There are 2 protein chains.
Amino acid sequence: MVAGNAVQTTSLGEEIVRRINLLGAISEEAGKLTRIYLSKELREAADLILGWMREAGMSAHLDAIGNVCGRYEGEGPGAPCLMLGSHYDTVRDAGKWDGPLGVITAIACVADLNRRGRRLPFAIEVVGFADEEGVRFASTLLGSRALAGTFDKSVLNTRDRDGVSMRDALITFGLDPDHIGAAARTRRELIAYLELHIEQGPVLETQNLPVGVVTAIAGATRLAARLTGMAGHAGTVPMALRRDALAGAAECIGAIEQFCRTDEGGLVGTVGYIQAKPGATNVIPGEVSFTIDMRAPIDMHRKRAVAEIVPQIEAIAERRQLVLQLDVTHENGTAPCAPWLKEQIAQAIGVEGFSVFELPSGAGHDGMAMIDIADVGMIFVRCRGGISHHPDEHVELADAEAGARVLLRVIENFRPWEGKSSPQVTG
Amino acid sequence: MVAGNAVQTTSLGEEIVRRINLLGAISEEAGKLTRIYLSKELREAADLILGWMREAGMSAHLDAIGNVCGRYEGEGPGAPCLMLGSHYDTVRDAGKWDGPLGVITAIACVADLNRRGRRLPFAIEVVGFADEEGVRFASTLLGSRALAGTFDKSVLNTRDRDGVSMRDALITFGLDPDHIGAAARTRRELIAYLELHIEQGPVLETQNLPVGVVTAIAGATRLAARLTGMAGHAGTVPMALRRDALAGAAECIGAIEQFCRTDEGGLVGTVGYIQAKPGATNVIPGEVSFTIDMRAPIDMHRKRAVAEIVPQIEAIAERRQLVLQLDVTHENGTAPCAPWLKEQIAQAIGVEGFSVFELPSGAGHDGMAMIDIADVGMIFVRCRGGISHHPDEHVELADAEAGARVLLRVIENFRPWEGKSSPQVTG
C-alpha cells in the first residue's frame, strides 16, 4: 500500500517510529510508561520535542501551561496558522502511541517541507498538549483548554494523590500559575485545528484500513463517588449489622456494568479507579471512593443514561445505610468534526491510494477543547487489536507511514477556507 | 460495681487509661492511629513499654522478633512463668485499645504486686507482641509465632506495599533476621498464657457486663485473590468485548457477601483490601487484587464455606475470561481456651462481684499461636458499641478498672496446675 516513491516513504515512517521509542522511554516508572502532567519526566519530554521542532525549522517554546509550541512561518510572516497537534502526557502504564504519534507525525511533516524549502500561504503550528489524559488532577484537557482560553482556574487548587496542588506543581515545573492566561490563542490566529491520533478501538482493523476520517468526538461524563459506611473488625461484626462501603461499591459497579451492557446505543461505562479505606485484610471498609466514566456517541443518550444510573446508585447507598457523595467532575459534549476539513482529509486519503472510511471517536481528544476557537478535523491511524492505554498498544510502521503521508498531503493541498462556514479575517 | 476499696481501684484504671492515651499518640499518620510492624513508631512504642515494665519491677528486653518482654521473678529465681500478654501493633486508622489494653493492664497488675512487695510461687512474664494484626506482611501473629517457635522463615522474603522485605525491615528496626529463633520459648518455661483484650464485638454490651470469659478463639481463613483481564481505553472498547478485572472483582465481592449473609452458622466474610490497576478514571482495569477473610465459630463450618466460595469465584473468573490467582495466605483453626484457666478466670470475676458470662472470640488473638506451647485463657473487656479497628473504639474507665481487678485477682489467686490436663515439669 505504500508503494511508489519508496525511499522518502520509508524514511518518514522510520523516523516517526524512532522518535516514538525515544519519547516512550521517558517515564517516571521503571519498566512501564507513565508520564503525568507536570512531572519532571514531562519536562524532559518537552525539551526533547522542542529540540525536534527547532530541528524541523520551527521557532519553538514551552507555553504558560506546559504545552510545547512550534511555528513554521508561511510565505509571509505573521500569517494565521493551520494548527496541528496532539498531547504528550500519558496515562499510567500507558502505550507509547496515544498522543505522541500526532505530535511526532506533525513535526515530521514540517521537517519534510523544511527540507524541501517549501513554504505555504499560511503558517503551520504544531502543539504538543501537556495534559490531555487528566490523570493527575482528575480534570482532562488542561493543555488545550488553556490554549483555547477556557481554562478553569479553580482546577489550580485541585490536589493530586500526594496532596500536591496544581498551583504548586506548576511552580515546581517552572511555570507561573498566575499567568496561564498567556497560553490562550484567539480564533483569528487559527485557520483550523487538525489532529492525527491512533484510533484506540478495533474498527479500522476490522475494515482492513490504515487510516480513517473522524466524524465526531463522543462526549463523556465523569463522576466521582464516595460511599461512607462504618469500619469494623472483620471477625466480630455479624453480616446483618455491617455497613460495608466496599460491598456497597461492588453492587454499584455491578449495576453500572449491567446498565451499559444492556444498552443498545453504544453506551460504555467504566469504573477505573477504586480505593477502600482503611484497606486492611481484617477490617471492614468504612469508606470507598471510585470514579465513573460514561460515554455514548450521542449527547442526549449519554445524559439520559447518567440520569438513570445516578438514582440506582443512590438507592443502593440508601438501602445499605451508606452516605453517598456523588459529583460530576467532567462533562464534555460531543464535538463534531467540520465537514470542510473531513472533505480535505478524505481527498488526501484517496490521493494516497486508500479507501475513505468515516468513523466516530469513542475516546476524547484535545479537539473537544479546540473546537471553541477553531474548526476541528481528525485523522485516525489503525492500532493493533484496538488496544490502547496499555503497554501492548502498537502501530505498524506502514500505518505510521500512511498516516504521515495523508497528513502531509492534507497540508500541501490545503485550501484554507474552502467550504468553511465562517471565513476568518486574515492576519 | 467497683465499690469497696475505692482508692486503689481508681488509681489502677486511671493509670491504664493514661498509658493507653500515651501509646495511642505514637502513630505514623497524623490525626489517626497507625502503628505497623517494624515501623519506627513501633520501635518508639517498644521503648515506652520497656520503660513501664522496668518501672514495675521487671527485667525487660526487646526480643529477636521485636516483642517487648518483661519478667517479674517469683519467690525463687528461674521459676516457670505465668505469661500475660497482648500485642502493641495496630491496624491502619486504628482504635487505641485493641492490643495495648492487655499489655498495659498486665504491667499495671505487676506494678501493683511490686508496690506491695508481693512475690508469688511462680514468675510473671508480660509480653507485648510486635505483630498480631498482620497489616504489613499479610501474615498475622508474627510476634507470638516467633515466641512459640513456629515462625515461618519464608515470610522473611515477603514484601510490604512499598517493596520492602520483612528481612530488610528487621535490619532497619535493629534486629537480625537470621536470629529470630532466639525469640522462641519452650513449653516447660510457661505455666499458662493469659490475655486480656477488648471484645471487639457487641455481646458484653448487650449483656450489660464489663468483662467475660472467652471460650475459644474462632478460626480464620484468609485468601489473596488476583484477577487479570485486559486494560483498555474506557471510551473505545465496547462492553461486550471487555475483560474488566474490577467488574469481575465486584461480582466476587457480591457473591462472598451474599453467601455469608444467608449462612446461619455465624459465618462472616470480608473483603477489606482492593487495588485496581492501572487505576485511572479513563482506563478499564486490567488487574485487580483483593483479600478475603472468612471466619466461623466452628472449624468445619468455616472450611466448608471456603470450599463452597472458591468455586463460585473461579466460575465468575472463567465466565469473564479473567485469569484468577487465589492463594490461602493464612489459616488458623479454632483455639479452645483451657477449662482450668476458664474456671480460675470465672472465679476471679465472681469474687470481684460481676456475673460470669462466657462467650467465643470472633477475632483472632495471639493465643492462637501461643496454644502450641501453653494452655491459653482469655478475659474480654466490654468496648463501646462493639466497635473496633476504628478510631471510635472505646473502653470506659470503669471497665478498664474492672478488667485490671479481675486479672490481678486471677494472678494473686492463681493455682498453677490445678485441673490442668498435662502438668508441667517445674524448673
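Everything numeric here is computed off the predicted structure, so don't read it as measured data.

What about the overall build of chain A?
- Assigned secondary structure in chain A consists of eleven helices and 16 strands.
- What you see for chain A is a C-alpha radius of gyration of 23 Å, in line with the 22 Å of a compact globule of 427 residues.
- The C-alpha extent of chain A, read off along each of the three principal axes, is 80 × 45 × 45 Å.
- Residues classed as buried in chain A amount to 62% of the 427 residues present.
- Long-range pairs, those at least 24 residues apart, make up 78% of the contacts in chain A with a sequence separation of at least 6.
- In chain A, the 42 positive side-chain charges and the 55 negative ones have mean positions that sit 2 Å from each other.

Considering the nonpolar core
- Tyr37(A) and Met166(A) are the most contacted members of the largest nonpolar core, which totals 83 residues.
- Per-element tally for this core: the top contributor is helix α3 (residues 100-115) of chain A, with ten residues.
- Not counting the four nearest positions on each side in its chain, Met166(A) is found in contact with Tyr37(A), Leu38(A), Ile65(A), Phe137(A), Leu142(A), Phe151(A), Val155(A), Leu156(A), Thr158(A) and Ile180(A).
- Core analysis: the next-biggest nonpolar cluster, separate from the first, contains 82 residues, Ala56(B), Met58(B), Ala108(B) and Leu341(B) among them.

Brief notes about the interface of chain B and chain A
- Each side of the interface is counted separately: chain B has 56 residues, and chain A has 56 residues.
- Of the roughly 4800 Å² buried between chain B and chain A, counting both surfaces, carbon and sulfur atoms make up 61%.
- A per-residue breakdown of the area chain B buries against chain A is headed by His233(B), Met239(B) and Thr281(B), which together make up 14% of the total.
- Here Glu257(B) and Arg320(A) are joined by a salt bridge, their closest N and O atoms 2.8 Å apart.
- Taken together, the links from chain B to chain A amount to 14 residue pairs in polar contact (both at pLDDT 80 or more).
- When contributions to the side of chain B that touches chain A are tallied by element, the ones reaching two or more residues are β8 (232-233), α7 (245-261), β9 (268-270), β10 (274-277), β11 (283-284) and β12 (287-296) of chain B.
- With seven residues, the top contributor of residues to the side of chain B that touches chain A is α7(B).
- Taken together, the residues of the side of chain B that touches chain A break down into 26 nonpolar, 17 polar and 13 charged.

Section: the relation of the copies chain B and chain A
- Here chain B sits on chain A after a turn of 179 degrees about the axis and a move of 0.1 Å along it, with an RMSD of 0.1 Å. Considering both components of the superposition, the chain copies are consistent with a two-fold axis. Scanning chain B for the C-alpha nearest the rotation axis identifies Ala250(B), at a separation of 2.2 Å.
- Looking at chain B, 100% of its interface residues are interface residues in chain A too, so the copies touch through the same face.

Here we look at the pairing of strand β6 (residues 211-217) of chain A
Residue and element names in this part refer to chain A.
- In terms of burial, β6 is a largely internal element, six of the seven residues being buried.
- One ladder, built from three bridges, connects β6 with strand β16 (residues 376-381); its direction is antiparallel. Bridged to Val-213 within β16 is Ile-379.

Overview of the domain arrangement of chain A
Residue and element names in this part refer to chain A.
- Each assigned domain of chain A is listed with its residue range as follows: domain 1 (12-217 + 335-412) and domain 2 (219-332).
- Here the C-alpha centroids of domain 1 and domain 2 sit 33 Å apart.
- Each side of the interface is counted separately: domain 1 has eleven residues, and domain 2 has seven residues.
- When the two sides are added together, the surface that domain 1 and domain 2 hide from each other amounts to roughly 630 Å², 41% of it contributed by carbon and sulfur.
- It is Thr-140, Arg-161 and Met-368 in domain 1 that bury the most area against domain 2; as a group they hold 49% of the surface buried on that side.
- Across the domain 1-domain 2 interface, the total number found is zero salt bridges.
- Applying the counting rule to domain 1 against domain 2 returns two residue pairs in polar contact (both at pLDDT 80 or more).
- Of the residues in the side of domain 1 that touches domain 2, the class split is five nonpolar, three polar and three charged.

Concerning the packing of aromatic side chains
- Considering all chains together, one arrives at eight aromatic pairs over all chains under this definition.
- Clustering of aromatic rings is evident, with ring pairs tying together Phe122(A), Trp340(A) and Phe414(A).
- Above the face of the Tyr72(A) ring, Arg119(A) is positioned so that its terminal group lies 4.0 Å from the ring centre.
- When the ring centre of Phe173(B) is taken as origin, the NZ or CZ atom of Arg43(B), which lies over that ring, is 5.7 Å away.

Some points on the packing of helix α7 (residues 245-261) of chain A against helix α8 (residues 299-319) of chain A
Residue and element names in this part refer to chain A.
- Running from N to C, α7 and α8 cross one another at 155 degrees; their axes reach a closest spacing of 10 Å. The angle between α7 and α8 places the two elements in the roughly antiparallel class. Considering the relative orientation of α7 and α8, their crossing is right-handed. Contacts between α7 and α8 involve Gly-248, Glu-251, Cys-252, Ala-255, Ile-256 and Phe-259 from the first element and Ala-305, Glu-308, Ile-309, Gln-312, Ile-313, Ile-316 and Arg-319 from the second.
- Considered class by class, the residues forming the contact of α7 with α8 number eight nonpolar, two polar and three charged.

What counts as what
Residues numbered from 1 in each chain as written. Chains lettered and ligands numbered in written order. Predicted model: local features only at pLDDT ≥ 70, side-chain atom pairs only at ≥ 80, totals over all residues. Heavy atoms only, no water. Helix = DSSP H or I, 4+ residues; strand = E, 2+ residues; numbered from the N terminus. Rg over C-alpha atoms; globule rule 2.2 N^0.38 Å. Buried < 20%, exposed > 50% of the residue type's maximum accessible area, 1.4 Å probe, protein only. Contact = heavy atoms within 4.5 Å. Lys, Arg positive; Asp, Glu negative; His and termini not counted. Charge placed at Lys NZ, Arg CZ, Asp CG, Glu CD. Core = buried A, V, L, I, M, F, W, Y, C linked by side-chain atoms within 4.5 Å. Buried area = accessible area lost by both parts, 1.4 Å probe. Salt bridge = Lys/Arg side-chain N within 4 Å of Asp/Glu carboxyl O. Polar contact = N/O pair within 3.5 Å; in protein donor to acceptor, adjacent residues only side chain to side chain. Nonpolar A, V, L, I, M, F, W, Y, C, P; charged D, E, K, R; others polar. Least-squares fit on C-alpha atoms with pLDDT ≥ 70 in both. Pairing = 2+ DSSP bridges. Domains from an automatic or database assignment. Phe/Tyr/Trp six-rings, centres within 6.5 Å; stacked < 30°, edge-to-face > 60°. Lys NZ or Arg CZ within 6 Å of the ring centre and 35° of its normal. Axes fitted to C-alpha atoms, helices over the stretch in contact; angles between N-to-C directions. Parallel < 35°, antiparallel > 145°, perpendicular 65-115°, else oblique. Left-handed = near helix turned anticlockwise from the far one by under 90°.

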